[in-house]
Amino acid sequence: MPSRRSDLDHVGSYNFRVEIGGVTAGFFKGVDGINAELEVIEFQDGDDLTLRKRPGRAKFGDVTLKKGYIVTADLQNWWKQAREGQYVRRDISIILNDNAGNALRTWFLYGCWPKNWKISALDGKGNDVVTEEITFVVEDLQIG
């Protein structure tokens, strides 16, 4: 019977950590929205019958971090500063780890500031924990 190669196993999406400004920012249960896109510039020269395309500016999606609600003021203060027009840009790193805790891939999100904050619905009949979501605008993204 052939042996299974562990280096071909898929990486689990559950083993990650988040750093904001170089400091581990707590325990998040989810990260969503890491993406990049190039605008498409279309042009046509004179009597050329072919529509030409070339890459344009890079755009980066907003990233949402989700975590269980705990009474800390760090993220709320950052949101409050942005709401009051004193937005502070910070860099965020999303680090995907293997099962041994070694970093496999890091997404560096630069020039981020919060644009949306919310808590989950409160339900008198429910037994779920309250979660907090904060969405950040991303100015640049690099993969390390």
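Model, not experiment: these values are computed from the prediction.

Chemist: Honestly, the pairing of strand β6 (residues 63-68) in this entry has me stumped. Any pointers?
Modeler: Taken residue by residue, a regular strand's side chains alternate between the two faces of the sheet. Here strand β3 (residues 30-32) pairs with β6 via three bridges, running antiparallel. Bridged to Val31 within β6 is Leu65. Sheet topology note: the β6/strand β9 (residues 131-137) ladder contains six bridges and is antiparallel. The residue bridging Leu65 from the neighbouring strand is Ile134, located in β9.

Chemist: Teacher, can you tell me more about the packing of aromatic side chains here?
Modeler: Aromatic ring pairs: the centre-centre distance and the angle between the two ring planes describe each pair. One pass over the structure, following the stated rule, counts three aromatic pairs. Judged by centre distance (4.9 Å) and plane angle (35°), the rings of Trp78 and Phe136 are tilted. Of the two residues, Trp78 sits in helix α1 (residues 74-83) while Phe136 sits in strand β9, which places them 58 residues apart along the sequence. No difference in accessibility class separates Trp78 from Phe136, as the two residues are buried. The interplanar angle of 15° and the centroid separation of 6.4 Å between the aromatic rings of Phe108 and Tyr110 together place this pair among those described as stacked.

Chemist: What exactly am I supposed to notice about the pattern of salt bridges here?
Modeler: Close approach of charged atoms allows side chains of opposite charge to pair. One pass over the structure, following the stated rule, counts eight salt bridges. Lys67 serves as the salt-bridge partner of Glu132, at 3.1 Å between the closest nitrogen and oxygen. Taken together, the positions of Glu132 in strand β9 and Lys67 in strand β6 put the pair 65 residues apart, joining distant regions of the chain. Of the residues examined, Lys67 reaches a relative accessible area of 6% and is grouped as buried. Close ionic contact of Arg89 with Glu139 constitutes a salt bridge, the shortest N to O distance being 2.7 Å.

Chemist: What is the right way to read the nonpolar core from this model?
Modeler: Generally speaking, a soluble globular protein has its nonpolar side chains buried in company with each other. Ranked by size, the top nonpolar core spans 17 residues in total, and within it Val18, Ile20, Leu65, Leu75, Ile92, Leu109 and Phe136 carry the most contacts. Those elements giving two or more residues to this core turn out to be β1 (16-20), β6, α1, β7 (90-97), β8 (103-119) and β9. By residue number, the principal contributor to this core is β1, which donates three residues.

Chemist: Would you explain the side chain of Asn97 in this entry?
Modeler: Within the secondary structure layout, Asn97 lies in strand β7. Classification of Asn97 by relative accessible area gives buried; the value is 7%. In contact with Asn97, not counting residues within four places along its chain, are Val11, Asn15, Phe16, Arg17, Asn102, Ala103 and Leu104.

Definitions and limits used
- Residues numbered from 1 in each chain as written.
- Predicted model: local features only at pLDDT ≥ 70, side-chain atom pairs only at ≥ 80, totals over all residues.
- Heavy atoms only, no water.
- Pairing = 2+ DSSP bridges.
- Helix = DSSP H or I, 4+ residues; strand = E, 2+ residues; numbered from the N terminus.
- Phe/Tyr/Trp six-rings, centres within 6.5 Å; stacked < 30°, edge-to-face > 60°.
- Buried < 20%, exposed > 50% of the residue type's maximum accessible area, 1.4 Å probe, protein only.
- Salt bridge = Lys/Arg side-chain N within 4 Å of Asp/Glu carboxyl O.
- Core = buried A, V, L, I, M, F, W, Y, C linked by side-chain atoms within 4.5 Å.
- Contact = heavy atoms within 4.5 Å.

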